[in-house]
Every structure is written in structure tokens, then in C-alpha cells.
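Read off the chains here:
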Amino acid sequence: MASALGLSSNTFDPDKDIPDLDGKVYVVTGGSAGIGYGIVAHLCNLEDLKQTDEVAKQLAQKLTRLDALVCNAGLGVGIYNETRDGIDSHMQVNVFAQAHLTLMLLPVLQKTTDSRIVHQSSYLHKGATTSMKLESLHEMNQDICAMLLYNRTKLAQILFLRQLYSRIKATQFGTVTGNTGLPWINTTHPGGIKTDQQAQAVEAYGSLGKIGVAVARPFLKDPVSQGCRSALFAATSPDIATEQVQNSLIVPDRKVVEPSKQALDKTLSQNLWNLTKQVLESKIGNLPCTT
Ligand SMILES: NC(=O)c1ccc[n+]([C@@H]2O[C@H](COP(=O)([O-])OP(=O)(O)OC[C@H]3O[C@@H](n4cnc5c(N)ncnc54)[C@H](OP(=O)(O)O)[C@@H]3O)[C@@H](O)[C@H]2O)c1
């Protein structure tokens, strides 16, 4: 377990520590099951970029404020599959679709004081292959094995948000003032939580998967009520602002830790940004937010 980087406390109990949210607006993906169910509501099929785009547009039109976007939806360690858009389903659901949602909702997040962007990553980002370049869809559309497909997406989520943070800070998305323009942007790891994701690993690896899950079970035992804490802390706690938790990886309940060296790699981050833009523009068309 990595060490905490200077937060005032390590615990966050949603029952006591979430402040009054009256009048605030939150959007959470992957709310139908698992950890997201502990956070909130189901949104749209991220395996279909046109549908994701429609939902994103409707939300962007309707919302006059957005206090937090929590991108929690995710495919777990599971078999290689391509979506109807012709993209590795792991990259599409976990990365490209939720990057699109984030970019489409960025304007409303930017005008809401003290807003938050939270993507649910994982410690398993540390297990991504070191040879990856994140340069082309051809590279994404290779069956590199269930575990590596998942780990790559968890790394890519961190790279995407780090690139977004530096671009917003450099005012590529408009003026940044004291209170608005730059949301609090963080990735989270929920812990080892007992959810349906373990079934996906069994499907991918058959009997080996059963053995793997049995071996991993002691580390994937915590209930959803624990697994939602780091994301809820990132999305709601006033301590994020007072303790300046920005561009960070938060692990349960509220510790800031260093991500992997790969997650801090500026070339990889730039490549992922370019690839995301290329994929989204080729499948959806011109996008207002991708500079
Ligand atoms: N469980 C852990 O120990 C653990 C550890 C590290 C990170 N995480 C991360 O935590 C997040 C939640 O995982 P979980 O364990 O709660 O998994 P889960 O129980 O399998 O829930 C995944 C959620 O994502 C949604 N989802 C999957 N594919 C989707 C799609 N194509 N379009 C829209 N929604 C989709 C699911 O909705 P449907 O059921 O409707 O498909 C469900 O609400 C994931 O990002 C995962 O990588 C989990």
C-alpha cells in the first residue's frame, strides 16, 4: 500500500462526512450495480458512442449547474470484444465514452463553483504493459489478454484526466478564475470490493479465472458501502478544496498516493489525448471541446 501524501485524515464516512448537498447536481455513470450503486444512478450505454453523445448533449443542454461528474462505470477484467463502433470494448466503455461525457459536460462544470470531476480508476493501472504507446486504434484493437485490457484502461483514465487538467490550467478551455474554470479533477481507487466484476474474470479465464478469483477473494472482500468512499470524498468533501487535492489519485478512504511512473508520463498522456480526439471525431463528428 502506498503512503498517504499529506491529507489531514484517512477516513471518510459518507453517513457523517458528506456535507449538505441541497441544490447540488451530480452525474454518476455505472450506478446500476456494484460500487456505482453505492454512489447513485444508471446513465447510458457507453458501448455506443452515438448514444453516449446524445445523452451527453441532453445533459449539457438541461443542466444549469453540475457539482460533480463521477465516471464510475467500467468493464472489469474480461474477454476481448469489439463494440458496434469497432473499438475494444474496454477502451470504449472505460475511457473514450466517459472522456466524451467529461468533455461535453466540462462547460457546465467550469461555471459551477467548486465542481468536481472524478474518474474511478484502480491500483491495477500499475499492472499495465510498459510497451504501450496509446498511438492508434489498431494498437487498441489487439487481444492482449483480459487482465492487460483492463489495466490499460485504468492507466488511460489517469492519463486522460492529467492531460485535461494541464490543458484547462493552460486556459485552453477558457479563463480560469479563483472559483470557476478549473474543477477539482481527481481519479480514485475504490479498494478491493466484492462486486459483479469478479464474474467477468471467471468468464474470461474459465477454470483459471475461478482459481484466480479464489486467490484474489481475500483482497476483494470489502462491501460496496466501503467501495464508494473515495469517490464520494472526491465528489463532495469540502476538504478537497481546503486541502487542495488536485490532479491526484485518491485511495480509501481519502488518502492521496502517487500513481505509477507510466501514469505520470507526459508523452503517453499526450498520445492518449490525441487518440481520444481521433476516435471520438471519427465516430461522432466534430466536437466542441477537444482542442
Ligand atoms: N470492485 C473492485 O474491487 C474495483 C477495484 C478497482 C476499481 N474498480 C472500478 O470501480 C468501477 C465500478 O466497478 P464495480 O466493481 O462496481 O463493477 P460492477 O459491479 O460490474 O459495476 C459496473 C457498473 O458499470 C456499468 N457499465 C458497464 N458497462 C457499461 C456500459 N457499456 N454502459 C454503461 N454502463 C456500463 C454497469 O452497468 P450495467 O450493469 O447496467 O452494465 C455497472 O453499473 C469500475 O470502473 C471498476 O474498474 C473496482
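No experiment lies behind these values; they were computed from the predicted model shown.

Help me understand the site of the ligand, please; the structure alone is not making it clear to me.
Among the 31 residues in the neighbourhood of the ligand, the closest are listed as I35, C44, Y150, I193 and T195. Between the ligand and the protein, one listed contact pairs an oxygen atom with a backbone N or O atom of G74 at 3.2 Å. Contact between the ligand and T195: an oxygen atom at 2.5 Å from a side-chain N or O atom of the residue. Alone, the ligand offers 880 Å² of accessible surface; in the complex the protein occludes 86% of this. Contributions of two or more residues to the shell around the ligand are made by helix 2 (34-39), helix 6 (146-169) and helix 7 (197-216). Each residue belonging to the shell around the ligand can be placed in one class, and the counts come to 11 nonpolar, 17 polar and three charged.

Would you take a moment to explain the pairing of strand 4 (residues 184-188) for this structure?
Both faces of the sheet carry side chains from a regular strand, because those side chains alternate between them. Of all five residues in strand 4, five are buried; the element is thus mostly enclosed. Going residue by residue along strand 4, you find W184, N186 and T188 tucked away on one face and I185 and T187 tucked away on the opposite face as well. Where strand 3 (residues 116-120) and strand 4 come together, five bridges link them in parallel fashion. Note on strand 4: the bridge partner recorded for H119 is T187.

Explain the side chain of H125 here, please?
Structurally, the position occupied by H125 is in the loop between strand 3 and helix 5 (137-140). Look past the residues within four positions of H125 in its chain and what remains in contact with it is N151, K154, L155, I158, L249, P259, S260 and A263.

What counts as what
Residues numbered from 1 in each chain as written. Predicted model: local features only at pLDDT ≥ 70, side-chain atom pairs only at ≥ 80, totals over all residues. Heavy atoms only, no water. Near = heavy atom within 4 Å. Polar contact = N/O pair within 3.5 Å; in protein donor to acceptor, adjacent residues only side chain to side chain. Areas by Shrake-Rupley, 256 points an atom, 1.4 Å probe, with all protein chains shown as cover. Helix = DSSP H or I, 4+ residues; strand = E, 2+ residues; numbered from the N terminus. Nonpolar A, V, L, I, M, F, W, Y, C, P; charged D, E, K, R; others polar. Buried < 20%, exposed > 50% of the residue type's maximum accessible area, 1.4 Å probe, protein only. Pairing = 2+ DSSP bridges. Contact = heavy atoms within 4.5 Å.

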